[in-house]
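Descriptive analysis of the structure
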Amino acid sequence: MFAKGNLSATVKDLLLRNIAVTGLLVLIIISAFLSPYFLTADNLFNVLRQWTMVGLIAIGLTFVIISGGIDLSGGAVLALATVVGALSAPLVGSAGMIAVVILVGAACGYINGALITWGKVPPFVATLGMMTAARGLALILSEGRTVTADLAPEFVFAFGRGYLGPIPMPVLLTAIVFIVAAVTLKYTVYGRHVCLVGDNPVGAHRSGIQVEGVIRSVYTLHGVLAAMAGLLFLGRLGVGEPTGGMLFELSGIAAVVIGGTPFVGGVGSILLTFVGLMVIGLTYNILNLLSVSPYAQDFARGVIIVVAVMFSIRREAKSRVRK
């Protein structure tokens, strides 16, 4: 049995270690009192559907940040994917269009990884360049205009507006990706290699891990998931939008950081990234329900990000002291 003092210290330690979970619980409790519509099923499913695209980008970013990198190109790759999808759908059909879009996302991610590993370009600079290039290419292909997509009803059902019972199909698809990613990161050799590369790349190399290959793979994965987010965008809105996905990469980074994944890499959790995503999504939702100005919502997001980073740095510092 725990002594009273030890139990209190244990609970406090758990809350500090899982600040994202604690913050989410507090947010839910406060929001439920502020609005009677907050905890309704329709509202919660609406929040989940709105944040599926950012969620997919955040999953890819979790792998990238755990490996010790950063990727700023997610929103731009999403935009490029929507334009390519809208233009290619009439030519190759829905199945072919999905394949083309995924290949475009994989190519963007692989180029990022190649620039970083072979070109020795810092991740911030390489992905910033890709962000600009992908957005520019989307504008070139679309001639700066929104491209109306001729999509099959099956595609729209699966990736945009369909429901399986009360669950929107995009939510179901994103949930499957979250589960697969969580299992991959925690229980597979590949997941352990990503963590080892982020924690100590020199040690990982000496252990026989292909460090540069792992780095290229996480950026490729992020590109694929950003392209999948583009498919959800296309299915929901039915257009290719060269300006779509603006700041999605920043919201994805915020979700990862709020979930406790440190920028130094080495550790992280897909589940806690989902918690971080919900902290952001539900914050926006309750502010919308309360008719708060969108400018104030952006201010709130900035505060949340800064506080999350502050706690992340303090937690990492305490962890190093304990070691």
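Residues numbered from 1 in each chain as written. Predicted model: local features only at pLDDT ≥ 70, side-chain atom pairs only at ≥ 80, totals over all residues. Heavy atoms only, no water.

What follows covers the packing of aromatic side chains. This model, assessed by the stated rule, comprises 5 aromatic pairs. Considering the side-chain rings of Phe63 and Tyr190, the 6.4 Å spacing of their centres and the 25° angle between planes classify their relative orientation as stacked. On the criterion of sequence distance, the pair formed by Phe63 in helix α4 (residues 52-66) and Tyr190 in helix α9 (residues 189-199) is long-range, its members being 127 residues apart. Note on Phe63: relative accessible area 2%, which makes it buried. Considering the side-chain rings of Phe178 and Phe274, the 5.5 Å spacing of their centres and the 80° angle between planes classify their relative orientation as edge-to-face. Residue Phe178 is located in helix α8 (residues 169-187), and its partner Phe274 is located in helix α13 (residues 270-289); the two are separated by 96 residues in the primary sequence. (Phe/Tyr/Trp six-rings, centres within 6.5 Å; stacked < 30°, edge-to-face > 60°. Helix = DSSP H or I, 4+ residues; strand = E, 2+ residues; numbered from the N terminus. Buried < 20%, exposed > 50% of the residue type's maximum accessible area, 1.4 Å probe, protein only.)

Next up on the list: a nonpolar patch on the surface. There is a patch of nonpolar side chains on the surface, built from Val26, Ile30, Leu34, Tyr37, Leu289 and Leu290 and spanning about 550 Å² of accessible area. Considering every element that reaches the nonpolar patch, the biggest residue donor is helix α2 (residues 19-34), with 3 residues. Within the secondary structure, Val26 sits in helix α2. Its relative accessible area of 42% is what places Val26 among the partly exposed residues. (Patch = residues over 30% accessible without salt bridge, like charges linked within 9 Å, V, L, I, M, F, W, Y side chains within 5 Å. Areas by Shrake-Rupley, 256 points an atom, 1.4 Å probe, with all protein chains shown as cover. Salt bridge = Lys/Arg side-chain N within 4 Å of Asp/Glu carboxyl O.)

In contact at an axis separation of 8 Å, α8 and α13 are set at 140° when each is read in the N-to-C sense. Put simply, α8 runs oblique to α13. Side by side, α8 and α13 meet where Phe178, Ala181, Ala182 and Leu185 of the first sit next to Ile270, Phe274 and Leu277 of the second. Class assignment of the residues belonging to the contact of α8 with α13 gives a composition of 7 nonpolar, no polar and no charged. (Axes fitted to C-alpha atoms, helices over the stretch in contact; angles between N-to-C directions. Parallel < 35°, antiparallel > 145°, perpendicular 65-115°, else oblique. Contact = heavy atoms within 4.5 Å. Nonpolar A, V, L, I, M, F, W, Y, C, P; charged D, E, K, R; others polar.)

On to the confidence of the model for the protein, then. When pLDDT is averaged across the protein, the result is 90; 90% of the residues are at 70 or more. Confidence over residues 1-5 falls short of pLDDT 50; this stretch has 2 contacts with residues more than four positions distant or in other chains. Low pLDDT, under 50, characterises residues 9-14; the predicted model gives this stretch 2 contacts beyond four residues in sequence or across chains. (pLDDT = per-residue confidence, 0-100.)

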